[in-house]
Amino acid sequence: MLTDLFSPTVQHSLDLAGIFVFAISGALLGVRKNFDVFGMAVLAEVTALGGGLFRDLIIGAVPPAAFTDLGYFLTPLLATVIVFFLHPEVERITKAVNVFDAAGLGLFCVAGTVKAYDHGLGLTFAATLGLATAVGGGVLRDVLAHEVPSLLRWDRDLYAVPAMVGSTMAALLIRYGELNAQTSMVPALTAFALRLMAMRYHWRAPRAWHRRSAATEGPDGT
Amino acid sequence: MLTDLFSPTVQHSLDLAGIFVFAISGALLGVRKNFDVFGMAVLAEVTALGGGLFRDLIIGAVPPAAFTDLGYFLTPLLATVIVFFLHPEVERITKAVNVFDAAGLGLFCVAGTVKAYDHGLGLTFAATLGLATAVGGGVLRDVLAHEVPSLLRWDRDLYAVPAMVGSTMAALLIRYGELNAQTSMVPALTAFALRLMAMRYHWRAPRAWHRRSAATEGPDGT
Amino acid sequence: MLTDLFSPTVQHSLDLAGIFVFAISGALLGVRKNFDVFGMAVLAEVTALGGGLFRDLIIGAVPPAAFTDLGYFLTPLLATVIVFFLHPEVERITKAVNVFDAAGLGLFCVAGTVKAYDHGLGLTFAATLGLATAVGGGVLRDVLAHEVPSLLRWDRDLYAVPAMVGSTMAALLIRYGELNAQTSMVPALTAFALRLMAMRYHWRAPRAWHRRSAATEGPDGT
């Protein structure tokens, strides 16, 4: 099983760290939307676990990990409590939160690809589910919070593309039989670095061809 | 099997009653949003069956009960017909509808917890899915109707907390081997009573700590 | 197996054609919402595959066809590339696109009904899932794009009703043992024709009874 890349403890700690930073971003959006503490907790859980939940439903791994591992379930609640009491402080370190979020993106796109492949999916679909694991929670968060999903918006720094590169690299490593605990860090770190650079240099994906010139004058979706 | 708490007929009648009142709230939102009769029916079905559908997908009980029991499917259509012809009358008895909705909340949070536990989930997750069974349909209803989910909003009377108390109590009764037809009424009635009191006294959950004073001036999520 | 109505090649080609036209409508909405090329691709995939994905999760056919057939996955990406470079031209032939979309609606409502029945669902539920296969992708598209689902809106030409007629006819043909490659074209063509006429004559479904007169003055959901 490829999922046994790391000792279970190391893998679990990495998972919990990724879940924690994703949950922070969900709870912070709950504060910004003026939701109550329960709404914050729902957004935290959904952001942290939604992508993996979608993956597990698709590959038929039921009940999903989110409903069998207490640590997965309680970590977002811990993040909610922290944001509840300390959200101005958390907002002030948004930059640091974003760095951790980028780390979570890198970890999840690789872990998601490996788990999907282990359940028998082809490499293209494993990479797609790896991407969905990494970004799916954020989409669900925005849908529940009644926002345009920031993943789809033109005026946001690249988020999906780094995850796509990471999950594609992981799939290629599997394809050539080179995936192990050491090499799996390469796609994760690549996705992490690409996301950091996308934030630093405000990289964006292009919009439809003829639209570009007109849209800078009056974007209607922003 | 814990699901055999009641005679099948009694259990089924309680289920249909809960489905009916949830469907009424879905169809009424369809009227308010100016949807056509088909849109009303979709909202009625989704509100009534969405929570249980989510639970059944998570626990792997496919096809879900919503797609195997004709009564579950037809009851929301009946509710749609009633609201279609009589919606001013139904609106006028909104208070009564809300009382029945609270009863549905109580029944569903207990039934959902028991069914999830019967499918092998741990008690914490069974209680969580009981909560999701009770409130999930309303969230789906609001997402499809393009509204901020009222479950997450600060300015609404407590809805999830009564269901959470009910499903937690049901899980504790299971834990101590005391759940039967009689005792299962205790968590259901507790959730029912808490929801009624939340509506009567406008109980609300707190928002994030430092926000409270500022947010009363200019809430941006309402 | 009823799914073997056609030679696999014919069936697959019909599926891909339906997926292609649905994906075009998703990518076009992405352009209108000012999303980037990645957002367009997500909407194209979701519109084309979302309905079938929902059906496959309900009937327990995991991993869903969308995650096992490369053609299903790549076709929406092809549609995205075409819309990316040629969207003014594609917009200009919106009428033609709508005709193809109506054809996809007809094909999908029949194919969805048959697949659901093959997986053991009752006829009523098979027809319901056939309808969901045909219209589910469009609802997901609108939810992700932060729009009121056009399926539910009163001021749109009938879309679900033609699919409902088609899937009901398909279920009746199954019921009377008369479904084969030839007869299955009847419900598909009926749904296709009804949708074309709905667009031509702007057929709409009624709204709730007493509302009709008042709502023409000030619709609040439009």
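Residue numbers run consecutively from 1 along every chain, following the written order of its sequence. Chains carry letters and ligands carry numbers; both start at the beginning, A for chains and 1 for ligands, and go up in the order they are written. Under the rules for a predicted model, residues below a pLDDT of 70 receive no local features and side-chain atom pairs below 80 are neither given nor counted, while totals for whole chains, interfaces and linings still include all residues. With hydrogens and water set aside, each side-chain value is computed from the structure's full complement of heavy atoms.

Draft legend 1. Seen up close, the relation of the copies chain C and chain A. Here the copies were fitted onto each other by least squares, based on C-alpha atoms from residues at pLDDT of at least 70 in both. Mapping chain C onto chain A leaves a residual RMSD of 0.0 Å; the transformation is a rotation of 120° accompanied by 0.0 Å of translation along its axis. What we have between these two chains is a three-fold relation. Any pair of residues with heavy atoms lying within 4.5 Å of one another is described as a contacting pair. A low fraction, 10%, of the interface residues of chain C reappear at the interface in chain A, so the copies pair through non-equivalent surfaces.

Draft legend 2. Structural detail: the interface of chain C and chain A. With 30 residues of chain C at the contact, the number on the chain A side is 35 residues. Summing the contributions of chain C and of chain A, the shared interface buries around 2,700 Å²; its carbon and sulfur component is 72%. Buried area: the accessible area, evaluated with a 1.4 Å probe, that two parts lose upon being put together, summed over both parts. Of all residues in chain C, C:Asn34, C:Phe38 and C:Phe67 bury the most surface against chain A, accounting for 28% of the area lost on that side. Here a polar contact is recorded for every N or O atom pair within 3.5 Å, except that within protein the pair must consist of a potential hydrogen donor and a potential acceptor, and residues adjacent in sequence are included only if both atoms are side-chain atoms. In this structure, the connection of chain C to chain A is made through four residue pairs in polar contact (both at pLDDT 80 or more). In DSSP terms, a helix is any run of H or I states spanning at least four residues, a strand is any run of E spanning at least two, and both are numbered starting from the N terminus. Secondary-structure elements contributing two or more residues to the side of chain C that touches chain A are α1 (8-32), α2 (37-59), α3 (70-92) and α5 (123-144) of chain C. Top contributing element to the side of chain C that touches chain A by residue count: α2(C), with eight residues. The class makeup of the residues in the side of chain C that touches chain A is 21 nonpolar, five polar and four charged. For this scheme, ten residues count as nonpolar: Ala, Val, Leu, Ile, Met, Phe, Trp, Tyr, Cys and Pro. Four count as charged, namely Asp, Glu, Lys and Arg, and the remainder, Gly too, count as polar.

Draft legend 3. Examining the UniProt feature "transmembrane region" (unreviewed entry) in chain A more closely. Residues and elements named next belong to chain A. Following the UniProt record, one finds the feature "transmembrane region" (unreviewed entry) at residues 12-31, 38-58, 70-87, 123-144 and 156-174. End C-alpha to end C-alpha, residues 38-58 measures 28 Å, and it is 100% helix and 0% strand. Along residues 123-144 one finds 100% helix and 0% strand; the C-alpha atoms at either end are 31 Å apart. UniProt positions are given in the numbering used here, feature names are shortened, and annotations may be inferred rather than shown by experiment.

Draft legend 4. Representation of the interface of chain A and chain B within the structure. At the junction of the two partners, chain A supplies 30 residues and chain B supplies 35 residues. Here chain A packs against chain B, burying approximately 2,700 Å² in sum over the two surfaces, 72% of which is carbon and sulfur. Each salt bridge in this description consists of a side-chain nitrogen of Lys or Arg and a carboxyl oxygen of Asp or Glu lying within 4 Å of one another. Linking chain A with chain B are zero salt bridges, by the criterion used here. Counting across the interface, chain A meets chain B through four residue pairs in polar contact (both at pLDDT 80 or more). Mapped onto the side of chain A that touches chain B, the elements with two or more residues apiece are α1 (8-32), α2 (37-59), α3 (70-92) and α5 (123-144) of chain A. With eight residues, the single largest contributor to the side of chain A that touches chain B is α2(A).

Draft legend 5. Unusual backbone geometry, seen in detail. The amide bond that connects B:Val62 to the next residue, B:Pro63, takes the cis arrangement and shows omega of -10°. Within the secondary structure, B:Pro63 is located in the loop between α2 (37-59) and α3 (70-92). The backbone of C:His146 shows a phi angle near 60°, a positive value even though the residue is not glycine. Assignment of secondary structure puts C:His146 in the loop between α5 and α6 (160-175).

Draft legend 6. Main features of a nonpolar patch on the surface. For patches, a residue must show more than 30% relative accessible area and have no salt bridge; joins then use 9 Å for like charges and 5 Å for nonpolar side chains, namely Val, Leu, Ile, Met, Phe, Trp and Tyr. Throughout, the Shrake-Rupley method with a 1.4 Å probe supplies accessible areas, and for residues the shown protein chains are the sole cover considered. Taken together, the side chains of A:Val81, A:Phe85, A:Leu86 and B:Trp209 make up a nonpolar region of the molecular surface, amounting to roughly 380 Å² of accessible area. Secondary-structure assignment places A:Phe85 in helix α3. Each residue is assigned to one of three classes by its accessible area relative to the maximum for its type, calculated with a 1.4 Å probe on protein chains only: buried under 20%, partly exposed between the two thresholds, exposed over 50%. Exposure remark for A:Phe85: the relative accessible area of 40% places this residue in the partly exposed category.

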